[in-house]
Amino acid sequence: QVQLVESGGGLVQPGGSLRLSCAASGSIFNIPSMGWYRQAPGKQRELVGSMPSGGSTNYADSVKGRFTISRDNAKNTVFLQMNSLKPEDTAVYYCNAQVLDYRKILRPYWGQGTQVTVSS
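These numbers come from a predicted model, not from an experiment. (Residues numbered from 1 in each chain as written. Predicted model: local features only at pLDDT ≥ 70, side-chain atom pairs only at ≥ 80, totals over all residues. Heavy atoms only, no water.)

Q: Even after reading the chapter, I still don't get the sheet that holds strand 8 (residues 77-82), so can you show me in this structure?
A: The pairing of strands in a sheet happens through backbone hydrogen bonds and is either parallel or antiparallel. The strand order across the open sheet built from four strands is 1-3-8-7, with neighbouring strands paired in antiparallel fashion. Each having just a single partner strand, strand 1 (2-7) and strand 7 (67-72) make up the two edges of the open sheet. Each adjacent strand pair in this sheet contributes to an overall mean axis angle of 15 degrees, direction not counted. Examined bridge by bridge, strand 1 and strand 3 (residues 18-26) share six bridges and lie antiparallel to one another. If you follow Val-2 over to strand 3, its bridge partner there is Gly-26. (Pairing = 2+ DSSP bridges. Helix = DSSP H or I, 4+ residues; strand = E, 2+ residues; numbered from the N terminus. Axes fitted to C-alpha atoms, helices over the stretch in contact; angles between N-to-C directions.)

Shown next as structure tokens:
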């Protein structure tokens with residue numbers, strides 16, 4: 001089994017910054033891709049961005065230039081640096097990882113979600 005544990009959410013004023021972290025642990029051979037999704041009240045979950053282990057990162061248009069995803073592959077950890085936050089960024093943020101286990105089976109895993117609230 002694989003567990004994803006998130007941290008770093010909270011309340012921030014418009015224009016502020018937050019950094020989310022997500023650490024994966026368990027039966028992990030490799031993680032081809034890690035990323036972040038978010039879900040605002042009354043809306044569907046949407047992709048924020050994803051980062052493959054050896055390729056370029058892609059972002060939703062709504063966060064380009066403000067959010068940055070990075071990875072520490074040695075620690076199976078992904079980060080989401082959020083700058084210039086707007087009230088419309090308010091949502092529960094979920095970490096996602098595509099994990100290859102030692103049987104070479106690829107499965108998606110999700111973090112528990114962390115609340116980000118942007119408000120004055």
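Q: Looking at this structure, I do not really get the environment of Tyr-102. What am I missing?
A: With respect to the helices and strands, Tyr-102 occurs in the loop between strand 9 (91-100) and strand 10 (106-110). On the accessibility criterion, Tyr-102 (55% relative accessible area) is exposed. The spacing of Tyr-102 and Val-118 is 16 residues in sequence and 40 Å in space, taken between C-alpha atoms. Side-chain polar atoms of Tyr-102 contact the backbone oxygen of Ile-28, separated by 2.9 Å. (Buried < 20%, exposed > 50% of the residue type's maximum accessible area, 1.4 Å probe, protein only. Polar contact = N/O pair within 3.5 Å; in protein donor to acceptor, adjacent residues only side chain to side chain.)

Q: When you look at the state of the cysteines in this model, what are you seeing that I'm missing?
A: Note: disulfide means a covalent bond formed between the sulfur atoms of two cysteine side chains. Taken as a whole, this structure holds one disulfide when the rule is applied. Covalent S-S linkage joins Cys-22 and Cys-95, the inter-sulfur distance amounting to 2.1 Å. Every disulfide takes its handedness from the sign of the S-S torsion; for Cys-22 and Cys-95 that torsion is -80 degrees, giving left-handed. With Cys-22 in strand 3 and Cys-95 in strand 9, the pair connects residues that are 73 residues apart, well separated along the chain. For the residue pair Cys-22 and Cys-95, the accessibility class agrees, reading buried in each case. (Disulfide = S-S within 2.5 Å.)

Q: So what exactly am I meant to see when it comes to the pairing of strand 7 here?
A: For a regular strand, side-chain orientation follows a simple rule: the groups alternate between the two sheet faces. Burial along strand 7 is one-sided: Phe-67, Ile-69 and Arg-71 are buried, while Thr-68, Ser-70 and Asp-72, pointing the other way, are not. In this sheet, strand 8 lies alongside strand 7 in antiparallel orientation, the contact comprising six bridges. By the bridge assignment, Thr-68 is partnered in strand 8 with Gln-81. Hairpin connection of strand 7 to strand 8: four residues between the antiparallel strands, including Asn-76 at a positive phi of 50 degrees.

Q: Looking at this model, I keep getting lost on the environment of Val-63. Mind explaining?
A: Within the secondary structure layout, Val-63 lies in the loop between strand 6 (58-59) and strand 7. The exposure class assigned to Val-63 is buried, which follows from its relative accessible area of 0%. Counting along the chain gives 60 residues from Val-63 to Gln-3, while the straight-line C-alpha distance between them is 27 Å. Aside from chain neighbours lying at most four places away, what touches Val-63 is Arg-38 and Val-48. (Contact = heavy atoms within 4.5 Å.)

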